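# Reading the structure
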Amino acid sequence: MASAATVEAPNRRDFLFLTAGAVGAVGVAAVVWPLVDQMNPDASTLALASTEVDIGAIPEGQIVTVKWRGGPVFIRHRTKKEIEDAENVPLGELRDPQTDQSRVKKREWLIVIGVCTHLGCVPLGQEGKYEGWLCPCHGSIYDTSGRIRQGPAPLNLAVPEYAFLTDTRVKIG
Amino acid sequence: MSGPSTYVPKSAIGRWFESRLPLMGLVHSSFVAYPVPRNLNYMWTFGAILSFMLVAQIVTGVVLAMHYVPSATEAFSSINHIMRDVNYGWLVRYMHTNGATLFFLACYTHMFRGIYYGSFKAPRELLWIIGVVIYFLMAATAFLGYVLPWGSMSFAGATVITNLLSAIPLVGTAITYWLWGGYAVGDPTLNRFFSLHYLLPFIIVGAVGLHVWALHVTGQNNPDGVEVKNAERDTVAFTPYATIKDVFALSVWLIIYAWLIFYIPNYVLDADNSNIANPLATPAHVVPEWYLLPFYAILRAIPNKLMGVIALFASIAILAFLPWLDRSPVKSAKYRPTYRFFFWVFVVICIGLGWLGSQEPTEGLTLIARFLTVGYFGFFLVIMPLLSFTEKTKPIPASIADAVLPKKADATAAAQA
Ligand code: HEM
Ligand code: FES
C-alpha cells in the first residue's frame, strides 16, 4: 500500500465518486436547512417589529410597561433625583460601563427592554439598593439608568431602537 | 448472561410463529428464565417501578393531549376545561402531574442505588451512561411539560431555562430566538414545546430498550457487588422470584401514588401556576419543580452567568464519568466504610441543595449554597478518586452464594438445635 508504485493517478471513477458525494452533501444540507430554519421567528412575528406609545399621561416617577415584540419595554419618567443619581455614577464602578447620557435621548425618559440580562425574568421597578430595578429571579440589581450594579446579570438592560415622534409620542422599534 | 433461547413453544401455532419471529423466546429469555442474583434487595425493584411510571406517563399524556390545546390564548383554559368538564379529566391530569413527581422520585432512588452499590463500574459503564442520558431526557421532558399549562410559573420557567443558552458566547441570543420562534417565549414556543413533549417520551422508550439490553448482557449488580460466578448457586430465575418482588414493590408504590392523587394532588404544584402566564410580569418567587431544585441552587450559587450555566450542566454530565472517577475494585459500599460515610454526606448535600433552591436567595443562604456546590463536585472529583486508592475496604465474599447462603445454613442449624 505504502509503496510509491501503488499510488495511482486519480481516475474517472474517483472523480465521479467525489462529485457525486459533494452533490449528495449539498442535497442533504438543502433539506436540513428548511427543517432548522422553520423554527426561527416567522414573517408574522417579524411584522410586529414596531409599536407606538403615547407617553403624555405618564406622571413623573412612574414606570409604564408596554409590550413590544412579545416582551416588556419599560418607559420610565424619571424624577430629578433619579436622573442625578444615574448621571453621577463614576464609570469605574460599573460592570458594563456606559454613561447615562448614552442610554437616553431625553434625560427625563429612560426607555429600556424589561428583560433581565441574566436569564430573562422581568425586573421589578423602584426596588433594590439603587431604586432602579430588582430582578425577582436571582437578585440582579439595576440602577435608575437600567445599568447592572449587583447580582449575576452581566449586562445593562438593553436600550431598544426608538424615536420621539412628538414630545408625547414614541415609536419603539 | 444471555444466551440462545431454550424456549420451546407448547402449541403448534406458537411453534409456527416462533420459527418465523422468535418474539416469545425473547420475552421468555429476558423476563422468565433470565437469571437474577439471589441476594437482590428492594432497591432493585425500582427498574420495574420506573418502567411502569414511563408507561403511565405516556398513557395519561396521550389522553390529556386529546383535550389540551397548545396555544398561548387557549392552553390555560383548556387545562381548566380538562379539570372541570372532561369526564375524569381531573383524575387523568392529577395522574400525569403527580406521576412526573413519582417518576423522578423513583429515578433518583434508582440512581443513588447505583452510586451506593457501585453499579456503574465495569462491566456496566455503558449501562450507566445510557441511564444518565435517560435522566437528562426525563428532565427535558418534564421541563417541556411544565410549560404546557401556560401558568405564570410555566412562563417564567420556560424563560429562565431557555435563557441558559443565551450564555453561549456569540451565537447565544440567536439560538434563543430560534428556540422561541420569536423575541420572547410566546405562542410559537408553546406549540413546539408541545410537539417535543409528545416526542421525547418515545425517545426515552427507545433509550430504555437499550438500557435493558445492556443490562441483560452484563447481568445485574447486587448488594454485595461481586459478580455471578456460578449461575446455579448464585442466581434464581426472574420469574417467579423477581417478578413477584417487583409486583409487591409496585403495589406499595401505587398506594403512595394514589395517596398523592386523591389526598394531596396539588402539593407539588406551585400556586403561582394557577395564574395565567403574563409576559410583562414575573412571579415574585421563581422556583422550578422540586426534582430540579438542587441544580437550580447550583446555578444560583455561582455569581457569573456563563460559569453558572456551565456548572449546572456539569453537575449532571459529571455522572457519566463516575466509572472513571471511582477506581476502587470493590463495588458495594457495604464493604467500603469510608465511601459509605461520604455517600451519605453526599445525599445530605443533595437534599440541602434542593432545600436552598426552594428558598429566596439571601446572602447567607447563597454562601451555604456555594459551600454545598463545592461539596457536590468534591464528592466526585476529590473523594471518589482519593478513596479509590487509600480506603481500607472490608473483605468481600468469594461469591454471592457465600454472602447469603452460609447465614441461612447456620440459621437452620441453630433452629434445629
Ligand atoms: C417521560 C414522560 C413524561 C413526563 C415526565 C411528563 C411530565 C409532565 C409535566 C411535569 C407536566 C406539567 C403538569 C402540570 O403542571 O400540571 C406535563 C403536562 C402535560 N403532558 Fe406530560 N410528561 C410525560 C409524557 C407525556 C406524553 C407521552 C404526553 C402525550 C402524548 C404528554 C402530554 C402532556 C400534556 C398534554 C400536558 C399538559 C396538561 C397538564 O399540564 O396537565 N406527556 N407533563
Ligand atoms: S433572571 Fe434576573 S437575576 Fe436571573
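Above this text you will find the structure in question.
What you see is a predicted model; the values in this text were computed from it and never measured.

### A look at the overall build of chain A
A tally of helices and strands in chain A yields 3 helices and 10 strands. Overall, chain A shows an N-to-C arrangement of helices and strands of α-α-β-β-β-α-β-β-β-β-β-β-β. Here the C-alpha radius of gyration of chain A, 26 Å, is well above what a compact globule of 173 residues would show, namely 16 Å. Viewed in the frame of its principal axes, chain A has a C-alpha envelope of about 85 × 40 × 30 Å. Taking all 173 residues of chain A together, 37% fall into the buried category.

### A few points about the pairing of strand β10 (residues 169-172) of chain A
All names here are of chain A. A one-sided burial pattern is seen for β10, the buried positions being V170 and I172 and the unburied ones R169 and K171. With 4 bridges joining them, strand β1 (residues 51-54) and β10 adopt antiparallel strand pairing. Bridge pairing in β10 links T51 to I172. With 4 bridges connecting them, strand β9 (residues 162-166) and β10 associate as antiparallel partners.

### A few points about the site of ligand 1
Residue and element names in this part refer to chain B. Not every one of the 26 residues close to ligand 1 is listed here, only the nearest: R93, H96, T97, H197 and Y198. Between ligand 1 and H96, the relevant distance is 2.8 Å, taken from a nitrogen atom to a side-chain nitrogen or oxygen of the residue. Within the side chain of T97, an N or O atom sits 3.0 Å from an oxygen atom of ligand 1. Those elements that provide at least two residues to the shell around ligand 1 are α3 (46-65), α5 (89-117), α6 (125-147) and α9 (187-218). Sort the elements by how many residues they give to the shell around ligand 1 and α3 lands first, with 6 residues. Among the residues making up the shell around ligand 1, the classes are represented as 18 nonpolar, 7 polar and 1 charged.

### What to know about the environment of W150 of chain B
All names here are of chain B. Structurally, W150 is set in the loop between α6 and α7 (152-163). The class for W150 is buried, based on a relative accessible area of 5%. It is 6.2 Å that separates the C-alpha atoms of W150 and I276, two residues lying 126 residues apart in sequence. Among residues more than four places away in sequence, those in contact with W150 are A72, A75, F76, F155, V185, G186, L190, N275, I276 and A277.

### Concerning unusual backbone geometry
Of the consecutive residues A122 of chain B and P123 of chain B, the connecting peptide bond is found in the cis state with omega at 5 degrees. Along the chain, the position of P123 of chain B falls in the loop between α5 and α6. The omega torsion of the bond from T239 of chain B to P240 of chain B falls at 10 degrees, within 30 degrees of zero and hence cis. Looking at the element boundaries, P240 of chain B is found in helix α11 (residues 238-263). The phi torsion at R69 of chain A lies on the positive side, around 50 degrees, for a residue other than glycine. For R69 of chain A, a relative accessible area of 27% gives the class partly exposed. The backbone of Q126 of chain A shows a phi angle near 55 degrees, a positive value even though the residue is not glycine. Looking at the secondary structure, you find Q126 of chain A in the loop between β5 (124-125) and β6 (133-134). Taking the relative accessible area as the measure of exposure, Q126 of chain A reaches 38% and is therefore partly exposed.

### Concerning the packing of helix α4 (residues 75-84) of chain B against α5 of chain B
Here α4 of chain B crosses α5 of chain B at 115 degrees, and the two axes come no closer than 5 Å. Counting all contacts with α4 of chain B, which are made through I79, I82 and M83 of chain B, the residues of α5 of chain B involved are G89, W90, R93 and Y94 of chain B.

### Remarks on the nonpolar core
Grouped together as the largest cluster of nonpolar side chains are 127 residues, with contacts concentrated most on I115, Y135, Y376, F380 and M384 of chain B. Those residues within four positions of I115 of chain B in sequence are excluded, and the remaining contacts are F120, W128, L319, L322, Y339, F343, F346, F379 and M384 of chain B. Membership of the second largest hydrophobic core comes to 13 residues, among which are V66, I75, I111 and F164 of chain A.

### Digging into the coordination of the iron atom of ligand 1
For a metal bound by four donors in a tetrahedral arrangement, the ideal donor-metal-donor angle is 109.5 degrees, while six donors in an octahedral arrangement ideally sit at 90 or 180 degrees. Residues and elements named next belong to chain B. For the iron atom of ligand 1, the full set of protein donor atoms is H96 (NE2) and H197 (NE2), and the range of their distances to it is 1.9 to 2.0 Å. Taken together, the 6 donor atoms coordinating the iron atom of ligand 1 and their angles of 87 to 179 degrees define a geometry best described as octahedral. Within this pair, whereas H96 is found in helix α5, its partner H197 is found in helix α9, the two being separated by 101 residues in sequence. There is no split in this pair, since H96 and H197 are both buried.

### Observations regarding the sheet that holds β6 of chain A
All names here are of chain A. Read across the sheet, 4 strands follow the order β5-β6-β7-β8 without closing on themselves; strand pairing throughout is antiparallel. Both outer strands of the open sheet, β5 and β8 (148-150), are each paired with one neighbouring strand and no more. The sheet contact formed by strand β7 (residues 141-142) and β8 spans 2 bridges and is antiparallel. In the strand pairing of β8, I141 is matched with Q150.

### Topic: the state of the cysteines
Applying the stated criterion across every chain, the model contains 1 disulfide over all chains. Between the sulfur atoms of C121 of chain A and its disulfide mate C137 of chain A the distance is 1.9 Å. Because the torsion about its S-S bond is -85 degrees, the bridge between C121 of chain A and C137 of chain A counts as left-handed. Of this pair, C121 of chain A sits in the loop between β4 (109-113) and β5 while C137 of chain A sits in the loop between β6 and β7, and the two are 16 residues apart along the sequence. Accessibility expressed as a relative area gives 3% for C121 of chain A, which makes it buried. Assessed through its relative accessible area of 1%, C137 of chain A is described here as buried. There is no disulfide at C107 of chain B, and the cysteine sulfur nearest it, in C350 of chain B, is 13 Å away.

### Observations regarding the pairing of strand β3 (residues 71-77) of chain A
All names here are of chain A. Here β3 lies mainly inside the structure; 7 of its 7 residues are buried. Summarising the sheet, strand β2 (residues 63-68) and β3 pair through 6 bridges and their orientation is antiparallel. Across the sheet, W68 pairs through a bridge with G71, a residue of β3. The antiparallel hairpin formed by β2 and β3 contains 2 residues in its connecting segment, where R69 sits at a positive phi of about 50 degrees.

### Focus: the interface of chain A and chain B
Taken residue by residue, the interface counts 27 residues in chain A and 25 residues in chain B. Buried area between chain A and chain B, both sides added, is near 2200 Å², and the carbon and sulfur share of it is 64%. Together, M39, R69 and L119 of chain A form the three largest contributors to the area buried by chain A at its contact with chain B, with a combined 30%. Linking chain A with chain B are 0 salt bridges, by the criterion used here. Inspection of the region where chain A meets chain B yields 7 residue pairs in polar contact (both at pLDDT 80 or more).

Rules used throughout
- Counting from 1, residues in each chain are numbered in the order their sequence is written.
- Think of it this way: whatever chain is written first is A, whatever ligand is written first is 1, and the rest follow in order.
- It should be noted that, the model being predicted, local features are given only for residues of pLDDT at least 70 and side-chain atom pairs only at 80 or more, the latter also being counted only at that level, while totals for whole chains, interfaces and linings use all residues.
- Note: side-chain values were computed over all heavy atoms of the structure, leaving out hydrogens and water.
- Helix numbering and strand numbering both begin at the N terminus, where a helix is a DSSP run of H or I of at least 4 residues and a strand a DSSP run of E of at least 2.
- Each radius of gyration is computed over the set of C-alpha atoms, and the globule rule expresses the reference value as 2.2 Å times the number of residues to the power 0.38.
- The rule is simple: take the accessible area with a 1.4 Å probe, protein chains only, and divide by the maximum for that residue type; under 20% is buried, over 50% is exposed, in between is partly exposed.
- Paired strands are those between which DSSP finds at least two bridges.
- Residues are classed as near a molecule or strand on a simple rule: at least one heavy atom within 4 Å of it.
- Polar contact criterion, stated in full: a pair of N or O atoms within 3.5 Å, where within protein one must be able to donate a hydrogen and the other to accept it, and residues adjacent in sequence count only if both atoms are side-chain atoms.
- Classification convention: Asp, Glu, Lys, Arg as charged; Ala, Val, Leu, Ile, Met, Phe, Trp, Tyr, Cys, Pro as nonpolar; all other residues, Gly among them, as polar.
- Working rule for contacts: check all heavy atoms of both residues, and any pair within 4.5 Å makes them a contact.
- Think of each axis as a best-fit line through the C-alpha atoms, taken over the contacting stretch in the case of a helix, with angles from 0 to 180 degrees between the N-to-C directions.
- Within this scheme, the nonpolar core is defined by two criteria: the residues are buried Ala, Val, Leu, Ile, Met, Phe, Trp, Tyr or Cys, and they are joined through side-chain atoms within 4.5 Å.
- The donor set comprises N, O and S atoms within 2.8 Å of the metal, extended to 3.2 Å for Na, K and Ca; water molecules are omitted, so apparent gaps in a site may simply reflect that omission.
- Geometry is assigned from the angles between donors: four donors with all angles from 85 to 135 degrees make a tetrahedral site, four or six donors whose opposite pairs exceed 155 degrees while the rest stay between 65 and 115 make square planar or octahedral sites respectively, and everything else is labelled irregular.
- Cysteine sulfur atoms that pair up within 2.5 Å are treated as a disulfide.
- By definition, the buried area sums, over both parts, the 1.4 Å-probe accessible area that each loses when the two are put together.
- Salt bridge, as used here, is a side-chain nitrogen of Lys or Arg placed within 4 Å of a carboxyl oxygen of Asp or Glu.

From the geometry alone we can't say anything about function, so treat these as descriptive.
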